[in-house]
Amino acid sequence: MQLNHSANWALAGVSFAHLLNDAMQTVVPSAFPLFQQTMQLSFAQMGWIAFTLNITASVLQPLVGYMSDRKPMPILLPGGMLFSLIGVLGFALSSELWMLLVSASLIGIGSSILHPESSRVAHLAAGRGRGMAQSIFQVGGNTGQALAPLLVAFILLPHGQLSFLWLMAFALIGIFIQSSVSRWYRDKLADNRSRQQQPIQTNGIVQPAVQPVSRGFIAFTMGILILLLFSKFVYIAGMTGYYAFYYADAYNLPLSQAQICLFVLQFAGMVGTLLGGPLADRYGRKPMIWFSIAGTAPFSLLLPYAGPALSMVLCGIIGLILMSGFSVIIVYAQELLPRHIGTVSGLFFGLSFGMAGLGSVVLGSLIDVTSISFVIKLCSFLPLLGVCAVFLRRDRPRNA
């Protein structure tokens, strides 16, 4: 990947900010056991917290992405972290369900601003290795998601709800980092505008225009990609929100140990995300997308019937495979609509959060009327939808 020094730092900056954002965001569903203990919330009420968090980001992210395509706004990078700062403070001080919902919506707003604008920064810094750059950006988020269960197990559960105040440091660090990245982003945009009228050449040869595709093909392909996002993020919502309860109940183990199982899932997902982009650059987007969803199915189907030790191994394998495809899906969609990078990023990040939020509500309500065991077993079938990836057009590897 041909990146200069400043672009490297910008990419690292948005990746680390993504880590901080997703750690704060993922702590919320991971802290459901804490809210259940302190406020006696039902599973459906906990699902509404996740729904509020995710639907806020889902609705706003495409709008932010569309606006940034029309007029990029570097100031939004630190601005988004300010909303997350207030949201974390709200979680520390909340005493009723409505206060938790307002706090969740503030973190959702912060996340809705971060993802499309930071994804544009990653795209600008990518050079030719778009899959690699998007993976570096995304692996920051996966690392933050992996840290969230540990924060809950070792800080929030032992010390109570007020320990959310410690997470304010994450938001403050994020504001500082994003302020620095925003300056690079502003300078890069100014440089791009000054060269806007110059023909694009490689080794002295003007590149041919990209072959246009029909709107029908774009709509069909986007529909397949959205279906794959549905299978991935509803499954992840079931795991991060409710698998800890299943694990603790099925094996008669403390909830803190169940959080370690989720950490294994998220940490393996971080590794999978880092590997997915470069592999897609080398071998093509479609094979990587297909493998990342459908390849998870054998292990997800086995997970509800495994013992506690094997469950941790399976969570690692599931995270490694399942998380490897999201950055690849984003790049596939960006290359399908190259003039709408921010809109595509906002749409797909927004849909991922919206599906996760809606899935949390539906699954939580279903648990209340059935059982935690039934819902976890039902979720295990979702990765089978990955076979729909066979309908995607096979792309050429970037090094072809």
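Where an unreviewed UniProt entry is consulted, the protein chain appears under the name Fosmidomycin resistance protein, with the organism given as Paenibacillus xylanivorans. Listed in UniProt under the heading Subcellular location (unreviewed entry), the comment for the protein chain reads: "Cell membrane".

Visitor: Help me out: how do you make sense of the overall build of the protein chain in this one?
Guide: In terms of helices and strands, the protein chain carries 15 helices and two strands. The globule rule puts the C-alpha radius of gyration for 400 residues at 21 Å, and the 20 Å found for the protein chain is close to it. With the C-alpha coordinates aligned to their principal axes, the bounding extent of the protein chain is approximately 65 × 40 × 35 Å. The burial tally for the protein chain puts 57% of its 400 residues in the buried class. Residue pairs in contact within the protein chain that sit at least 24 positions apart in sequence constitute 84% of those at least 6 positions apart. Surface exposure of the protein chain reaches about 16,700 Å², of which carbon and sulfur atoms provide 68%. Between the centroid of the 21 positive side chains of the protein chain and the centroid of its 11 negative side chains there is a distance of 13 Å.

Visitor: Help me understand the packing of aromatic side chains, please; the structure alone is not making it clear to me.
Guide: The geometry of an aromatic ring pair is captured by the separation of the ring centres together with the interplanar angle, meaning the angle of the planes. Per the counting criterion, the structure on display carries twelve aromatic pairs. Ring centres of Tyr243 and Tyr246 lie 5.8 Å apart, and the angle between their planes is 35°; on these two criteria the pair is classed as tilted. Remark: Tyr246 and Tyr243 occur in helix H8 (residues 215–251); sequence separation between them is three residues, near one turn of the helix. Each member of the pair, Tyr243 as well as Tyr246, carries the same accessibility label: buried. Directly above the aromatic system of Phe233 lies the positively charged group of Lys232, at a separation of 4.0 Å from the ring centroid.

Cut-offs and rules
- Residues numbered from 1 in each chain as written.
- Predicted model: local features only at pLDDT ≥ 70, side-chain atom pairs only at ≥ 80, totals over all residues.
- Heavy atoms only, no water.
- UniProt positions renumbered as here; feature names shortened; annotations may be inferred.
- Helix = DSSP H or I, 4+ residues; strand = E, 2+ residues; numbered from the N terminus.
- Rg over C-alpha atoms; globule rule 2.2 N^0.38 Å.
- Buried < 20%, exposed > 50% of the residue type's maximum accessible area, 1.4 Å probe, protein only.
- Contact = heavy atoms within 4.5 Å.
- Areas by Shrake-Rupley, 256 points an atom, 1.4 Å probe, with all protein chains shown as cover.
- Lys, Arg positive; Asp, Glu negative; His and termini not counted.
- Charge placed at Lys NZ, Arg CZ, Asp CG, Glu CD.
- Phe/Tyr/Trp six-rings, centres within 6.5 Å; stacked < 30°, edge-to-face > 60°.
- Lys NZ or Arg CZ within 6 Å of the ring centre and 35° of its normal.

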